[in-house]
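Each chain, written out:
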Amino acid sequence: RRLDLPATSLLAFGGPEALPFDMGHAWFPAFEADGEPITPSASDQRRTKGLRRATALVREALEACWKRGLATPRSTFLL
């Protein structure tokens, strides 16, 4: 059997925030410098600001792909 898919590309983004102890990356700060999880609170905006930065980076990358004609917004799906 053969699948007849339209022109298909895949782009995998890694989160911009380094996790402690070289455990990889995340989309927003989740840990304190000592490795303990950040305790969510209304006054601590680190996680929210980090997620906004990550969103802006993904948007910039997608817009660069669209501008170069590598894809179109209509053909882009985020999972």
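Notes on the structure follow. Just so it is clear, the structure is predicted and the values come from calculations on it, not from any experiment. (Residues numbered from 1 in each chain as written. Predicted model: local features only at pLDDT ≥ 70, side-chain atom pairs only at ≥ 80, totals over all residues. Heavy atoms only, no water.)

**What to know about unusual backbone geometry**
No. 1: Positive phi, normally seen in glycine, also occurs at Phe21, with a value near 60°.
No. 2: With respect to the helices and strands, Phe21 occurs in the loop between β1 (17-18) and β2 (25-26).
No. 3: Classification of Phe21 as exposed rests on a relative accessible area of 65%.
No. 4: Located in the positive-phi region is Asp22, a residue other than glycine, with phi close to 55°.
No. 5: Relative to the assigned elements, Asp22 resides in the loop between β1 and β2.
No. 6: A relative accessible area of 80% places Asp22 in the exposed class. (Helix = DSSP H or I, 4+ residues; strand = E, 2+ residues; numbered from the N terminus. Buried < 20%, exposed > 50% of the residue type's maximum accessible area, 1.4 Å probe, protein only.)

**Things to note about helix α1 (residues 46-67)**
No. 1: Given a rise of 1.5 Å per residue, 22 residues ought to cover 32 Å, and the 31 Å separating the end C-alpha atoms of α1 matches this to within 8%.
No. 2: Looking at α1, one finds that the buried residues are Gly50, Ala54, Val58, Leu62 and Cys65. Within α1, the buried residues cover an arc of 105° as seen down the axis, which keeps them to one side. Residues Lys49, Arg52, Arg59, Glu60 and Lys67 are exposed on α1 and point more than 90 degrees away from its buried face.
No. 3: Among the residues trailing α1, Gly69 stands out with phi positive, at a value near 75°. (Expected span 1.5 Å × (residues − 1). Arc of directions from axis to C-beta.)

**Considerations on the pattern of salt bridges**
No. 1: Here the structure, examined in full by the defined rule, presents 4 salt bridges.
No. 2: A salt bridge links Arg46 to Glu32, with the shortest nitrogen-to-oxygen separation between them at 2.9 Å. Separated by 14 residues along the polypeptide, Arg46 in helix α1 and Glu32 in the loop between β2 and α1 bring together distant segments of the chain.
No. 3: The class for Arg46 is partly exposed, based on a relative accessible area of 35%.
No. 4: Overall, Glu32 belongs to the partly exposed group, its relative accessible area being 29%.
No. 5: The partner of Glu63 in a salt bridge is Arg59, and the shortest N-O contact between them spans 3.7 Å. Taken together, the residues span about one helical turn, with Glu63 and Arg59 both in helix α1 at a distance of 4 residues.
No. 6: One connected set of salt bridges, linked through shared partners, spans Glu32, Asp44 and Arg46. (Salt bridge = Lys/Arg side-chain N within 4 Å of Asp/Glu carboxyl O.)

**Focus: a nonpolar patch on the surface**
No. 1: Taken together, the side chains of Leu11, Phe13, Trp27 and Leu51 present a nonpolar region at the surface, about 360 Å² in accessible area.
No. 2: The residue Leu51 is located in helix α1 in this model.
No. 3: Exposure remark for Leu51: the relative accessible area of 41% places this residue in the partly exposed category. (Patch = residues over 30% accessible without salt bridge, like charges linked within 9 Å, V, L, I, M, F, W, Y side chains within 5 Å. Areas by Shrake-Rupley, 256 points an atom, 1.4 Å probe, with all protein chains shown as cover.)

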